[in-house]
Amino acid sequence: MEFQFANVLVFLLLGAITAGLMLGLGWLLRPANPESRKLSTYECGEPPSGSAWINFNIRFYLIALVFLIFDVEIAFVYPVTVAFREYVLQGRGLLVLTELFVFVGILFVGLIYVWAKQDLEWLKRVARPS
Amino acid sequence: MYAALFYFIAGLTVIGALGVALSTNVVYSAMSLLAALVGASGLYVFLAADFVAVVQILVYVGGILILTLFAILLTHQIAEIQVSNRSVGRLPALGLVVLLGLAMGAAILRAPWHVEPLAAATPTTYGIGDSFLNQYLLPFELASVVLLTALVGAIVLSRKELRE
């Protein structure tokens with residue numbers, strides 16, 4: 001098991017080294033002519049107006065909430081699927097399959113609820129009081 | 001080598017946590033939280049809890065951190081909020097921290113630590129799945145109901161905010 005996590009570590013290290021090498025080589029090779037215009041957001045484009053700190057659509061937050069729930073669902077289902085093969089070999093595969101379907105089915109009700117209430121729509125139609 | 005790696009990952013975690021607490025920019029705090037959470041995942045690997053380590057990345061880094069960033073970016077003018085009572089209660093806080101530190105230090109020193117020689121780390125995922133299917137079958141299904149409740153509750157609460 002440690003070996004497999006050592007793979008992960010080597011992967012991360014390679015990523016860090018590659019990024020550092022790219023930026024470091026660029027830093028070594030490029031000419032240094034600092035100019036104030038180079039620091040503007042779009043060097044050859046529109047001058048930006050206002051702050052970059054805008055409040056973006058609250059839909060992002062709702063979608064992220066829904067995503068988080070199904071993220072946790074994956075964390076629950078994954079170990080069961082790892083044990084699935086062993087249970088099939090023991091002839092108890094149907095039990096596991098039923099259990100998984102019940103688990104996912106209960107959460108599917110949530111997905112239907114969110115869907116039917118139009119919370120996944122990008123622009124939600126809210127009935128205006130007339 | 002093993003110890004050096006441990007200290008590197010532990011240092012990453014602590015520096016990340018310090019960044020969360022000390023940074024004045026909230027977005028930098030959230031990014032430091034990334035380092036702290038990834039470091040914690042590395043520490044789980046050292047504890048031979050491979051499944052927990054991966055779930056830590058999956059749920060905390062992939063989900064909760066994104067949610068935190070969204071919450072920060074959605075909050076209106078979070079950078080310019082003036083905290084009115086910034087300096088009030090600094091001394092009592094210091095006293096509390098010292099007391100807490102003493103209590104925790106005493107607990108650490110007095111606890112009978114059960115030290116065991118390092119066993120070979122084995123994959124834990126199969127065992128977790130196996131117990132989900134045997135003795136914890138009902139709790140496993142109940143977890144689904146809990147998740148469903150959380151989903152509906154979260155949506156209902158945030159929708160109410162949207163209407164106003």
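The model shown is predicted, which means the values in this text are computed figures rather than measured ones.

K.L.:
I'm lost on the domain arrangement of chain B in this one. Help?
P.N.:
For interface size, the figure often reported is the accessible area lost on association. Its domain assignment divides chain B into domain 1 (1-79) and domain 2 (128-164). For domain 1 of chain B and domain 2 of chain B, the distance between their C-alpha centroids amounts to 24 Å.

K.L.:
Whenever I open this one, the nonpolar core confuses me. Can you help?
P.N.:
It is characteristic of soluble globular proteins that their nonpolar side chains tend to be buried jointly. Membership of the largest hydrophobic core comes to 27 residues, with the highest contact counts inside it found for V66(A), V80(A), F103(A), L107(A), L133(B), L151(B) and I155(B). Put simply, the parts of the chain that give this core at least two residues each are helix 2 (59-89) and helix 3 (93-116) of chain A together with helix 3 (50-74), helix 5 (125-133) and helix 6 (137-163) of chain B. With 12 residues, helix 2 of chain A is the largest single contributor of residues to this core. Setting aside residues no more than four positions away along its own chain, L151(B) makes contact with V66(A), I69(A), F70(A), G110(A), L111(A) and V114(A).

K.L.:
Looking at this structure, I do not really get the packing of aromatic side chains. What am I missing?
P.N.:
Aromatic ring pairs are defined here through the distance separating the ring centres and the angle between the ring planes. Taken as a whole and assessed by the stated rule, the structure comprises 10 aromatic pairs over all chains. An angle of 70° between the planes, with centres 5.5 Å apart, marks the rings of F6(B) and Y7(B) as edge-to-face. Judged by relative accessible area, F6(B) falls into the partly exposed class, the value being 33%. Ring-pair connections join several aromatic residues into one group, and the members of that group are F76(A), F103(A), F132(B) and F140(B).

K.L.:
Hey, could you run me through the packing of helix 2 of chain A against helix 5 of chain B in this one?
P.N.:
When two helices pack together, you describe them by how their axes are tilted relative to each other and by the distance separating the axes. Packing of helix 2 of chain A against helix 5 of chain B brings their axes to within 7 Å, and their N-to-C directions diverge by 85°. With respect to their mutual orientation, helix 2 of chain A and helix 5 of chain B come out roughly perpendicular. Two secondary-structure elements touch here, helix 2 of chain A through F76(A), Y78(A), P79(A), V80(A), V82(A), A83(A), E86(A) and Y87(A) and helix 5 of chain B through T125(B), Y126(B), I128(B), G129(B), D130(B), F132(B) and L133(B). Within the contact of helix 2 of chain A with helix 5 of chain B, the residues separate by chemical class into 11 nonpolar, two polar and two charged.

K.L.:
Explain the interface of chain A and chain B here, please?
P.N.:
Each side of the interface is counted separately: chain A has 50 residues, and chain B has 52 residues. For the chain A and chain B pair, buried surface summed over both sides reaches about 4,800 Å², with 78% attributable to carbon and sulfur atoms. Connecting chain A to chain B are zero salt bridges. Across the contact surface, chain A and chain B share four residue pairs in polar contact (both at pLDDT 80 or more).

Basis of the calculations
- Residues numbered from 1 in each chain as written.
- Chains lettered and ligands numbered in written order.
- Predicted model: local features only at pLDDT ≥ 70, side-chain atom pairs only at ≥ 80, totals over all residues.
- Heavy atoms only, no water.
- Domains from an automatic or database assignment.
- Core = buried A, V, L, I, M, F, W, Y, C linked by side-chain atoms within 4.5 Å.
- Buried < 20%, exposed > 50% of the residue type's maximum accessible area, 1.4 Å probe, protein only.
- Helix = DSSP H or I, 4+ residues; strand = E, 2+ residues; numbered from the N terminus.
- Contact = heavy atoms within 4.5 Å.
- Phe/Tyr/Trp six-rings, centres within 6.5 Å; stacked < 30°, edge-to-face > 60°.
- Axes fitted to C-alpha atoms, helices over the stretch in contact; angles between N-to-C directions.
- Parallel < 35°, antiparallel > 145°, perpendicular 65-115°, else oblique.
- Nonpolar A, V, L, I, M, F, W, Y, C, P; charged D, E, K, R; others polar.
- Buried area = accessible area lost by both parts, 1.4 Å probe.
- Salt bridge = Lys/Arg side-chain N within 4 Å of Asp/Glu carboxyl O.
- Polar contact = N/O pair within 3.5 Å; in protein donor to acceptor, adjacent residues only side chain to side chain.

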